[in-house]
Amino acid sequence: MIDVQNQVDTRGIKIQRTGVTGVHLPFFILNQQVLAEIRFTVALSEKIRGTHMSRLMEILTDWSGVPIKISDFEKILREAIEKLDTDFAAIKFAFKFFVKRKAPVSERISLLDIDCEIAAELSRSGEFNFSLKLAVPFTSLCPCSKEISDFGAHNQRSICRVKLDFADVKNIDIEKIVQLIESQGSSKIYPVLKREDEKFVTETAYQNPKFVEDILRDVVLAVRQIENISAFEIECENFESIHNHNAFAAHKENL
C-alpha cells in the first residue's frame with residue numbers, strides 16, 4: 001500500500017511537534033495504577049509530509065503493560081526517536097497521584113488525590129529535560145481575621161501549584177514533595193476525619209494563621225531544598241470563604 005505519510009513535502013517547514021493528544025491509557029507509575037491522559041509528539045522533517053502516529057500509540061501500548069519508573073521516560077522517548085527516525089520527542093503524562101493519609105488523632109487511613117503532570121523531552125543528541133507539576137491542597141487561616149476578631153477566624157481551602165524542573169531524575173519522591181509543600185499551609189487536608197480529628201485540624205489551623213503571601217514564601221524556601229532541581233514555578237491560591245474572589249501569589253526562580 002502507498003505510504004502517504006512518507007510523501008515528499010516541498011513547503012520547507014520543519015514541524016517542531018506533531019503526534020497524538022487526548023490519549024487515555026492505564027499505566028503502573030511509581031507503584032500506583034493510574035489512568036493517564038497523554039500527549040506524545042515528535043519533530044517532523046521539512047521533507048516529509050506526515051509522521052507515523054500509529055507508531056507512537058504502539059510504543060505507549062507496549063509501555064502500559066509494564067511498571068514505569070521516572071527514569072523510564074527517557075527510554076520511551078529514545079524509542080520514539082529511533083522508531084520514527086526523528087531528532088526530538090516529547091511526552092506529557094497527566095494523572096491522579098494518591099498519597100496515603102493518616103488522620104491526626106483517630107489514625108484512620110485514607111487516600112488524598114493529587115493532580116500530577118510529568119513532562120519530558122529528549123533530543124537525538126541526548127539532551128533530556130524533565131519537569132514535574134503538582135497541585136497540592138491544604139487549609140489556610142487568615143491572620144487578619146484572627147487578629148481583629150474577639151473569637152474565631154475565617155479559613156479556606158487552598159491550593160499550591162508547583163512546576164519543578166529537574167537536572168537529574170534520580171531519587172524523585174513525589175510523596176515527599178507533596179508532604180513538603182502541604183506542610184507550609186495552616187493545616188493539612190484529610191479525606192477522612194472523625195470528630196477528634198476535626199477538632200485537631202481546626203485548632204492546628206487557628207494556631208498557624210497565614211496569608212497567601214506567607215504560604216508562597218514558605219513554599220519557596222522549602223522547594224529550594226529539593227535536590228537536583230534547576231528551576232521552579234509556584235502559584236498559591238486561597239479560595240476565599242468571605243469574598244467572591246480568590247487570593248493569589250506567584251513566584252519563579254532559576255537555580
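What you see is a predicted model, and the numbers here were worked out from it, not measured in a lab. (Residues numbered from 1 in each chain as written. Predicted model: local features only at pLDDT ≥ 70, side-chain atom pairs only at ≥ 80, totals over all residues. Heavy atoms only, no water.)

Q: Is there a simple way to explain the overall build of the protein chain in this structure?
A: Per the secondary structure count, the protein chain includes six helices and nine strands. Along the three orthogonal principal directions, the C-alpha set of the protein chain runs to about 80 × 35 × 35 Å. Residues classed as buried in the protein chain amount to 43% of the 255 residues present. Nonlocal contacts in the protein chain, meaning residues at least 24 apart in sequence, comprise 64% of its contacts between residues at least 6 apart. Only carbon and sulfur atoms are counted for the fraction: they give 49% of the accessible area of the protein chain, which is about 14100 Å². Both charge centroids of the protein chain, one from 33 positive and one from 38 negative side chains, sit 2 Å from each other. (Helix = DSSP H or I, 4+ residues; strand = E, 2+ residues; numbered from the N terminus. Buried < 20%, exposed > 50% of the residue type's maximum accessible area, 1.4 Å probe, protein only. Contact = heavy atoms within 4.5 Å. Areas by Shrake-Rupley, 256 points an atom, 1.4 Å probe, with all protein chains shown as cover. Lys, Arg positive; Asp, Glu negative; His and termini not counted. Charge placed at Lys NZ, Arg CZ, Asp CG, Glu CD.)

Q: Whenever I open this one, helix H1 (residues 53-63) confuses me. Can you help?
A: Three or four residues apart is the spacing at which side chains of an α-helix point the same way, because the helix has 3.6 residues per turn. Taken residue by residue, H1 has Leu56, Ile59, Leu60 and Trp63 as its buried positions. Mapping the buried residues of H1 onto a view down its axis gives an arc of 95°, with all of them on the same face. Elements that come into contact with the buried residues of H1 comprise strand S1 (15-29), strand S2 (32-44), strand S3 (67-68), helix H2 (72-83) and strand S4 (88-102). (Arc of directions from axis to C-beta.)

Q: What should I look at first to understand the pattern of salt bridges in this one?
A: Pairing between side chains becomes possible if they bear opposite charge and their charged atoms approach one another. In total, this model carries 17 salt bridges according to the counting rule given. For Arg124, the salt bridge goes to Asp85, with nearest N and O atoms at 3.7 Å. Taken together, the residues span a long stretch of sequence, with Arg124 in the loop between strand S5 (109-123) and strand S6 (128-141) and Asp85 in the loop between H2 and S4 at a distance of 39 residues. For Arg124, a relative accessible area of 34% puts it in the partly exposed group. Residue class for Asp85 comes out exposed when judged on its relative accessible area of 65%. Three or more residues are tied together by salt bridges with common partners; here these are Lys69, Asp72 and Lys75. (Salt bridge = Lys/Arg side-chain N within 4 Å of Asp/Glu carboxyl O.)

Q: Even after reading the chapter, I still don't get the packing of H1 against H2, so can you show me in this structure?
A: Packed helices, taken two at a time, are described by the angle between their axes plus the distance between the axes. One can describe the packing of H1 onto H2 by two numbers: an axis separation of 10 Å at closest approach and a directional angle of 150°. Between H1 and H2, the angle is such that the two are roughly antiparallel. Judged by the sense of rotation from one axis to the other, the crossing of H1 with H2 is right-handed. On H2, the residues that touch Arg55, Leu56, Ile59 and Trp63 of H1 are Asp72, Lys75, Ile76, Glu79, Ala80 and Lys83. A class-by-class count of the residues in the contact of H1 with H2 yields five nonpolar, no polar and five charged. (Axes fitted to C-alpha atoms, helices over the stretch in contact; angles between N-to-C directions. Parallel < 35°, antiparallel > 145°, perpendicular 65-115°, else oblique. Left-handed = near helix turned anticlockwise from the far one by under 90°. Nonpolar A, V, L, I, M, F, W, Y, C, P; charged D, E, K, R; others polar.)

Q: Looking at this structure, how should I read the pairing of S2?
A: As a general feature of sheets, a regular strand has side chains that alternate between the two faces. The sheet contact formed by S1 and S2 spans eleven bridges and is antiparallel. Along S2, the bridge assignment pairs Val20 with Phe40. Alignment of S2 against S4, held across six bridges, turns out to be antiparallel. Across the sheet, residue Glu37 finds its bridge partner in S4, namely Ala94. (Pairing = 2+ DSSP bridges.)

Q: Please explain the nonpolar core as it appears in this structure.
A: Grouped burial of nonpolar side chains is what soluble globular proteins tend to show. By size, the foremost hydrophobic cluster in this structure holds 63 residues, and its most contacted members are Phe27, Phe40 and Phe93. Setting aside anything within four residues of it in sequence, one finds Phe40 in contact with Thr18, Gly19, Val20, Leu56, Ile59, Leu60, Ile76, Leu77, Ala80, Ala90 and Ile91. (Core = buried A, V, L, I, M, F, W, Y, C linked by side-chain atoms within 4.5 Å.)

Q: Would you take a moment to explain the packing of aromatic side chains for this structure?
A: Aromatic ring pairs are reported here in terms of the distance separating the ring centres and the angle at which the planes meet. What the rule picks out here adds up to five aromatic pairs. The interplanar angle of 75° and the centroid separation of 4.8 Å between the aromatic rings of Phe27 and Phe93 together place this pair among those described as edge-to-face. In this pair, Phe27 sits in strand S1 while Phe93 sits in strand S4, placing the two residues 66 residues apart along the sequence. Each of the two residues, Phe27 as well as Phe93, counts as buried. Taking the centre distance of 6.4 Å and the plane angle of 55° together, the rings of Phe73 and Phe130 count as tilted. Remark: Phe130 occurs in strand S6 and Phe73 occurs in helix H2; sequence separation between them is 57 residues. (Phe/Tyr/Trp six-rings, centres within 6.5 Å; stacked < 30°, edge-to-face > 60°.)

Q: Please clarify how the state of the cysteines should be interpreted in this entry.
A: Working definition of a disulfide: a covalent bond connecting the sulfur atoms of two cysteines. Enumeration over the complete set of coordinates arrives at zero disulfides. Free of any disulfide, Cys142 has its nearest cysteine sulfur in Cys144, 5.2 Å distant. On the basis of relative accessibility, which here comes to 13%, the residue Cys142 falls in the buried class. The thiol of Cys160 is not disulfide-bonded; the next cysteine sulfur, from Cys236, is found 3.6 Å away. Given a relative accessible area of 0%, Cys160 falls into the buried group. (Disulfide = S-S within 2.5 Å.)

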